[in-house]
Amino acid sequence: MALTNIGFQKTPARPTEITFGANTNLPNPNQTLGLIGHMGPTGGTAVSGVASGSAVPYSVVPMSNVADPVAGATEANAKFGEGSELAKMFIAAIQANFAIGASNFPMITCVPLAQDDADFGPLNVAGVQKGLAAADKFECEFLVSPYDGAIDPSVVNNPLTNALIQQSQAMSGATRVQNGQYGTVAIAANQSVTDPSTLPKYDSQYFSGEWFRDSGVPEYSLGEQAAAYAAILGAVAIPFNPVDNNVIGGVDAPVNMDDWITVGAGLESEAALNRGWVPIRVLPNGNVAIVRSVTSRLTNGDGITQVLSYYDVQDFQVLYFFRKAIVARFNQTDFTNQKASAAEATLARNEIIRLASAFEDQNMFQAVEQLAPQIKVERNAVDRSRFDVFVPVNVVPGLHIIATNVQATTEFDVLTV
């Protein structure tokens, strides 16, 4: 490798260039929420006292005031209509962290639906609902639906939730990294299911459904509740620790105490978790909190074999962030427009190990040294210009349970005076 890019010349001179070396730091770990919800009426007079918003349905609307509920309300009301569902979802997302004094707030991008939409909007020319097609254009770790995540528990194939899951899965595809998309989890809420054992099983790592039973008149709509839950997930920073019993700010407990779920082995929280749903509880002090944030991944894909690891949302936050780190590193100048040489393959392997070690230093990976010999970089058998890379990783699991045996004994019971 030449030390400089300065061309040969005979004329005496002191040519000096300035270049930038590869950025070997980890990328920005900030998470983004994608909120899909109904805006108020557009294009004229307010209807039913709801002021019209300036945004256009099925467009991508990045939001600026994501850490201030007052400024956020002003921005959302102007863009989506005062009192509109999407404006309320945005405000609920801010309040979820602001009300508990959090210092970290996720970025938020919104996709407004038309006021009278009963789904994600009309089909575009490609046959995709326009609301989902708009979400397809930007990066978000959490894609939030305004609709009931369960609807009728007897209907397993909920078309709205399934469409959202399919969109999140598409946005998590291997080739989507070229669009800056590294992994997405769909979020939806349910408040009406009384028996958690009847919640539908979606069995997907791309969905995290929130179950918050409330037989009365909930203060928050389904969209607001889902947005608030997603905001708590999006505020989690490196190393993406669990959010067990984390309070969701701005959410009130159900008025009817019979709706407060029972928590523990064999109780309602366990039944919900076993269906792949996130149960929401009321703490003794009256705050509303997450029991455990899981995805709906229940089996290894065959619908039969139960998974015992890699189903918590935070596991996937780590994995998706590592994907982002790999892509960011391989997009640096020492990997772009280079020869597919043995030296370049060695550099790629070394950098992967270095990144994995950095994740281990941050308590996201473990056993990197033991797994390093299994990391492989090989030339593709068909495409000589392509490297195929295999990287086994072990994500540090969240600590959710400490099972303790307290044994009452009579040892040292003898008293001698």
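Residues numbered from 1 in each chain as written. Predicted model: local features only at pLDDT ≥ 70, side-chain atom pairs only at ≥ 80, totals over all residues. Heavy atoms only, no water.

1. Considerations on the pattern of salt bridges
- All told, the structure shown has eight salt bridges when counted by the stated rule.
- Between lysine 79 and glutamate 75 there is a salt bridge, and its shortest N-O distance comes to 2.8 Å. Taken together, the residues lysine 79 and glutamate 75, both in helix α1 (residues 69-80) and four residues apart, mark about one turn of the helix.
- The residue aspartate 312 makes a salt bridge to arginine 292 at a minimum N-O spacing of 2.8 Å. A residue pair is termed long-range when its members are at least 10 positions apart, and aspartate 312 in the loop between β8 (288-290) and α7 (313-330) and arginine 292 in the loop between β8 and α7 qualify at 20 residues. Of the two residues, aspartate 312 and arginine 292, both sit in the buried class. (Salt bridge = Lys/Arg side-chain N within 4 Å of Asp/Glu carboxyl O. Helix = DSSP H or I, 4+ residues; strand = E, 2+ residues; numbered from the N terminus. Buried < 20%, exposed > 50% of the residue type's maximum accessible area, 1.4 Å probe, protein only.)

2. Description of the pairing of strand β6 (residues 207-211)
- Summarising burial for β6: five of the five residues are buried, a large majority.
- Neither face of β6 is open: one carries Phe207, Gly209 and Trp211, the other Ser208 and Glu210, and all of them are buried.
- In this structure, strand β5 (residues 185-190) lies alongside β6, joined through five bridges in parallel fashion. From the neighbouring strand, alanine 189 faces β6, where its bridge partner is glutamate 210.
- Looking at chain direction, β6 and strand β7 (residues 277-282) are connected through three bridges and run parallel. Across the sheet, the residue bridging to glycine 209 is tryptophan 277, located in β7. (Pairing = 2+ DSSP bridges.)

3. Remarks on helix α4 (residues 159-171)
- Compared with an ideal rise of 1.5 Å per residue, which puts 13 residues at 18 Å, α4 spans 18 Å between its outermost C-alpha atoms and is within 8% of the ideal.
- Looking at α4, one finds that the buried residues are Leu160, Thr161, Asn162, Ala163, Leu164, Ile165, Gln167, Ser168 and Met171.
- On the buried face of α4, the contacting elements are β1 (32-38), α3 (130-135), β4 (142-148), β5 and β6. (Expected span 1.5 Å × (residues − 1). Contact = heavy atoms within 4.5 Å.)

4. Description of unusual backbone geometry
- A cis geometry characterises the amide bond from isoleucine 238 onward to proline 239, with omega recorded as 10°.
- Relative to the elements of secondary structure, proline 239 occurs in the loop between α5 (222-234) and α6 (268-274).
- One non-glycine residue, phenylalanine 240, lies in the positive phi region at around 65°.
- Within the secondary structure, phenylalanine 240 is located in the loop between α5 and α6.
- One non-glycine residue with positive phi stands out, namely asparagine 337, at about 55°.
- On the basis of relative accessible area, asparagine 337 is assigned to the exposed category, the value being 82%.

5. Brief notes about empty space enclosed by the protein
- Applying the stated criterion across every chain yields a total of three cavities of 30 Å³ or more.
- One number sums up the size of the largest cavity: a volume of about 60 Å³.
- Around the largest cavity sit Asn28, Pro29, Asn30, Gln31, Glu141, Tyr182, Gln317, Tyr320, Phe321 and Lys324, which together line it.
- Classifying every residue of the lining of the largest cavity by side-chain character gives four nonpolar, four polar and two charged. (1 Å grid on protein atoms, 1.4 Å probe; cavity = no way out; pocket = protein on both sides within 12 Å on 5 of 7 lines; lining within 4 Å. Points joined across faces, edges and corners; volume = space filled by probe spheres on them. Nonpolar A, V, L, I, M, F, W, Y, C, P; charged D, E, K, R; others polar.)

6. Some points on the pairing of β5
- Most of β5 sits out of view: six of its six residues are buried.
- Covered by surrounding structure in β5 are Val185, Ile187 and Ala189 together with Ala186, Ala188 and Asn190, the residues of both alternating faces.

7. Points about the confidence of the model for the chain
- On average, residues of the chain score 93 in pLDDT, and 96% of them are at 70 or above.
- Of the regions scoring below 50 in pLDDT, residues 43-47 engages in four contacts with residues more than four places distant in sequence or in other chains. (pLDDT = per-residue confidence, 0-100.)

8. Some points on the environment of asparagine 300
- In this fold, asparagine 300 is placed in the loop between β8 and α7.
- Note: C-alpha distance between asparagine 300 and tyrosine 310 (ten residues apart in sequence) is 9.9 Å.
- Sequence-distant contacts of asparagine 300, that is, excluding residues within four places in its chain, are made with Thr305 and Val307.
- There is a polar contact of 3.2 Å between the side chain of asparagine 300 and the backbone nitrogen of aspartate 302. (Polar contact = N/O pair within 3.5 Å; in protein donor to acceptor, adjacent residues only side chain to side chain.)

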